[in-house]
Amino acid sequence: MDKTEQTVLAGIPVNAVSLTLTRSAIKMQHTPRWSVDKVNTVHDLLICLTGRARYVIDGEDIVMEPGCAMLIEANMPFRGQSISQDPYTGLAQHFTLEVFGQMDLISHMKLRRSVALPHWTMLEPLVRYYRESVPLSSTTLNQHHMFMVLLIEFLEAAFQGWRPQQEAALDNSDQLSLAVMVAASRIAADPLDDHIVEQVLESIPYNHDYFRRIFRRQVGFTPLKYQEFKRMERAMGLLAGGLSVKRAAELSGFGDPYYFSRMFKHYIGVSPAGYKAAERRHRDGQFPRGEEDGKVIYPLQRRPS
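The model shown is predicted, which means the values in this text are computed figures rather than measured ones. (Residues numbered from 1 in each chain as written. Predicted model: local features only at pLDDT ≥ 70, side-chain atom pairs only at ≥ 80, totals over all residues. Heavy atoms only, no water.)

## Observations regarding the overall build of the chain
So, point 1. When its secondary structure is counted, the chain shows nine helices and 13 strands.
So, point 2. If you take every contact in the chain between residues at least 6 apart in sequence, the share linking residues at least 24 apart comes to 74%.
So, point 3. Surface accessibility of the chain: about 15,900 Å² in total, with carbon and sulfur atoms responsible for 49%. (Helix = DSSP H or I, 4+ residues; strand = E, 2+ residues; numbered from the N terminus. Contact = heavy atoms within 4.5 Å. Areas by Shrake-Rupley, 256 points an atom, 1.4 Å probe, with all protein chains shown as cover.)

Set out below in structure tokens:
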């Protein structure tokens, strides 16, 4: 089955992650003679706007050019130099990204060190605005939110997988919650894979029955039911896009449209046909009285599994 276009961080709650900009962004403006040899104590995300530069990090040669982004992890020595006659410009932002305020999220990810940002046509104006609006010495709420957009775009493009987790004491709630979030993220990223739940459970260093109970307590579903729910979310997008119930069922991993319809109503609270009709009505602006803001009238159901 084809993979869905889910995000790497889809299973991680917003309030579990904290981003800190440890200093104001660096507005890179380097001449052809520029070079650097240093170590940062925090992570550093670089995005190139003009020119080219070559870096050497942990024995790896990396060329930065317009539209490229590179992550230099904390405490990683690096060397760099300009390799173009045009000025090498862009931005560099020092940051930390933690879960539960004490665990570094980046260290749990396997990432390509540099990538060409896939949505550069849209992101370039944001990068330029971010660079030009940087305050001299402080960080602002505006900067924080803009950088989170850029960081997520990099992580989505650079992500290669989660690093193996080490078994922790059962009373280590933070480590266990991280394991749940990683598992949820893996399931959400590929819910059409019939074997994804089995693979996730095999990769965790916890008793499977115990982990299922903790997963259900934190996410609201067992891992298998969470996979079904993510398939239903995919189906919602397909139905809203105009596909038939039968086709939406097929593309969401259900061979039987009648079973799909029953499960859709169980999770979403309305039949697929009813959902499709309501979405069409909302697009046309025909909201029922009291729902002029377009609020959905059938909240997603989190039912006991």
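## Some words on the nonpolar core
So, point 1. Ranked by internal contacts, the top residues of the largest apolar core, which has 41 residues, are L45, I47, F95, Y130, F154 and L155.
So, point 2. Sort the elements by how many residues they give to this core and helix 2 (residues 141-158) lands first, with eight residues.
So, point 3. The residue makeup of this core includes at least three contributed by each of domain 1 (17-162) and domain 2 (164-304).
So, point 4. In this structure I47 touches M28, M64, C68, A69, T89, G90, L91, L117, W120, V127 and L150, once residues within four positions along its chain are discounted. (Core = buried A, V, L, I, M, F, W, Y, C linked by side-chain atoms within 4.5 Å. Buried < 20%, exposed > 50% of the residue type's maximum accessible area, 1.4 Å probe, protein only. Domains from an automatic or database assignment.)

## A few points about the pattern of salt bridges
So, point 1. Counted by the stated rule, this structure contains nine salt bridges.
So, point 2. E132 is the partner of R131 in a salt bridge, and the nearest nitrogen-oxygen pair spans 3.0 Å.
So, point 3. The exposure class assigned to R131 is buried, which follows from its relative accessible area of 9%.
So, point 4. Put simply, E250 and R247 hold a salt bridge, and the shortest N to O gap is 3.0 Å. Remark: R247 and E250 occur in helix 7 (residues 245-251); sequence separation between them is three residues, near one turn of the helix.
So, point 5. On the basis of relative accessibility, which here comes to 40%, the residue E250 falls in the partly exposed class.
So, point 6. Using a relative accessible area of 39% as the deciding quantity, one classes R247 as partly exposed. (Salt bridge = Lys/Arg side-chain N within 4 Å of Asp/Glu carboxyl O.)

## Examining the side chain of H108
So, point 1. Within the secondary structure layout, H108 lies in the loop between strand 10 (103-104) and strand 11 (109-111).
So, point 2. The buried category is assigned to H108, whose relative accessible area is 17%.
So, point 3. Dropping the residues within four chain positions of it, H108 is found in contact with W162, R163, Q175 and L178.

## Description of helix 6 (residues 223-240)
So, point 1. For helix 6, spanning 18 residues, the distance from its first C-alpha to its last is 26 Å, which sits close to the expected 26 Å at 1.5 Å a residue.
So, point 2. Taken together, the buried positions of helix 6 are occupied by P223, Y226, Q227, E228, F229, K230, R231, M232, A235, M236, L238 and L239. (Expected span 1.5 Å × (residues − 1).)

## Quick word on helix 1 (residues 120-132)
So, point 1. With 13 residues, helix 1 should cover 18 Å at 1.5 Å per step; its first-to-last C-alpha distance of 18 Å lies within 8% of that length.
So, point 2. The inward-facing, buried residues of helix 1 abut strand 1 (17-21), strand 2 (26-30), strand 4 (43-50), strand 9 (88-99) and helix 2.

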